[in-house]
Amino acid sequence: MQIINYISQSVLPAIFLIIILCGYCAGIDIFHAFTEGAASGIKTVFSVLPSLLGLLCAVSIFRASGAMDGLIALLSPICRLSGFPAELMSLGAVKMLSSSAATALLLDIFKVFGPDSLVGTAASIMMCCTETIFYTLSVYSSAAGVKRTGCTVICAVIANISGIIASYAIALYMFQ
């Protein structure tokens, strides 16, 4: 166990050292390249910030208005008929909007069902198989200057639903 701890503490400094040595050997002004990249990163942050703030406000309004609970209530008959746990449905819906809110919901699932239960395992897998679609799209689209994302949103939602279903199927397979 001590070797893993040592490796994990030395990998990042080793990567930085390799990058600096490669840049030096290639004759690149490393400090200038770093400051130029940092300035570019700050410009990107300021260009993305308005859409990110809009997204965070929209997510807060969506959750506070009860629309999320209404969506879950609307989909709960499908869950009952298919045997899919409603808790996973809410986790999947929240994960599309906010990863931190999904993490809080995951911890609640762990408290109720336990991390080693079928629902807990499926929820853990789901956190890895799904993405915060709307956050990611707003950041990347804003940074790239993309205005029309309708088809991308549809495909991303389909991919997330596939990840939700696959995570439950994998967990079911693991518990057989």
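Scroll up for the structure.
About the thresholds
- Residues numbered from 1 in each chain as written.
- Predicted model: local features only at pLDDT ≥ 70, side-chain atom pairs only at ≥ 80, totals over all residues.
- Heavy atoms only, no water.
- Helix = DSSP H or I, 4+ residues; strand = E, 2+ residues; numbered from the N terminus.
- Rg over C-alpha atoms; globule rule 2.2 N^0.38 Å.
- Phe/Tyr/Trp six-rings, centres within 6.5 Å; stacked < 30°, edge-to-face > 60°.
- Buried < 20%, exposed > 50% of the residue type's maximum accessible area, 1.4 Å probe, protein only.
- Polar contact = N/O pair within 3.5 Å; in protein donor to acceptor, adjacent residues only side chain to side chain.
- Contact = heavy atoms within 4.5 Å.
- Axes fitted to C-alpha atoms, helices over the stretch in contact; angles between N-to-C directions.
- Parallel < 35°, antiparallel > 145°, perpendicular 65-115°, else oblique.
- Left-handed = near helix turned anticlockwise from the far one by under 90°.
- Nonpolar A, V, L, I, M, F, W, Y, C, P; charged D, E, K, R; others polar.
- Disulfide = S-S within 2.5 Å.
- Expected span 1.5 Å × (residues − 1).

Engineer: For the overall build of the protein chain, give the residues involved together with the corresponding values.
Structural biologist: Within the protein chain one finds 8 helices and 0 strands. For the protein chain, the sequential pattern of α-helices and β-strands runs α-α-α-α-α-α-α-α. In summary, the protein chain has a C-alpha radius of gyration of 21 Å against a globular reference of 16 Å for 176 residues, an excess of more than 25%. Taken along the three principal axes of its C-alpha coordinates, the protein chain extends 65 × 50 × 25 Å.

Engineer: Explain the packing of aromatic side chains residue by residue, including any values.
Structural biologist: Enumeration over the complete set of coordinates arrives at 1 aromatic pair. Here the aromatic rings of Phe84 and Tyr168 are separated by 5.0 Å at their centres, their planes lie at 70°, and the arrangement is edge-to-face. Highlighted residues: Phe84 in the loop between helix H3 (67-82) and helix H4 (86-97) and Tyr168 in helix H8 (residues 150-174), separated in sequence by 84 residues. You can call Tyr168 buried: its relative accessible area is 12%.

Engineer: Quick one: what's the story with the side chain of Ser76, residue by residue and with numbers?
Structural biologist: Inspection of the secondary structure assignment puts Ser76 in helix H3. Among the polar contacts listed, one links the side chain of Ser76 to the backbone oxygen of Ala73, at a separation of 2.9 Å.

Engineer: Outline the environment of Ile28, listing residues and values.
Structural biologist: With respect to the element layout, Ile28 can be found in the loop between helix H1 (2-25) and helix H2 (30-64). Separated by 134 residues in sequence, Ile28 and Ser162 place their C-alpha atoms 45 Å apart. What Ile28 contacts, discounting residues up to four positions off in sequence, is Gly23 and Ala33.

Engineer: I'd like a rundown of the packing of H4 against helix H6 (residues 118-129), residues and numbers included.
Structural biologist: Their axes nearest at 10 Å, the elements H4 and H6 cross at an angle of 15°. Accordingly, the angle class assigned to the pair H4 and H6 is roughly parallel. When you trace H4 past H6, the crossing you get is right-handed. For the pair H4 and H6, the contacting residues are Leu88, Leu91, Gly92 and Lys95 in the first and Val119, Ala122, Ala123, Met126 and Met127 in the second. Taken together, the residues that form the contact of H4 with H6 break down as 7 nonpolar, 1 polar and 1 charged.

Engineer: Residue-level account of the state of the cysteines, with values.
Structural biologist: Per the stated rule, a full pass over the model turns up 0 disulfides. Not part of a disulfide, Cys22 finds its nearest cysteine sulfur in Cys25, a span of 6.7 Å. Judged by relative accessible area, Cys25 falls into the exposed class, the value being 70%.

Engineer: Break down helix H7 (residues 133-144) for me, citing the residues and quoting the values.
Structural biologist: Helix length check: H7 (12 residues) gives 16 Å between terminal C-alpha atoms against 16 Å at 1.5 Å per residue, within 8%. Every buried residue belonging to H7 is among Ile133, Thr136, Leu137, Ser138, Val139 and Ser141, and all of these are buried. Two residues or fewer past H7, Gly145 is found with a positive phi of approximately 80°.

Engineer: I'd love a proper account of the packing of helix H5 (residues 99-113) against H6, names of residues and values included.
Structural biologist: Where H5 meets H6, the closest approach of the two axes is 9 Å, and the angle between their N-to-C directions is 165°. The pairing of H5 with H6 is recorded here as roughly antiparallel in orientation. Considering the relative orientation of H5 and H6, their crossing is left-handed. Across the interface between the two elements, Ser99, Ala102, Thr103, Leu106, Ile109, Phe110 and Phe113 of H5 pack against Val119, Gly120, Ala123, Ser124 and Met127 of H6. Looking at the contact of H5 with H6 residue by residue, the class counts come to 8 nonpolar, 4 polar and no charged.

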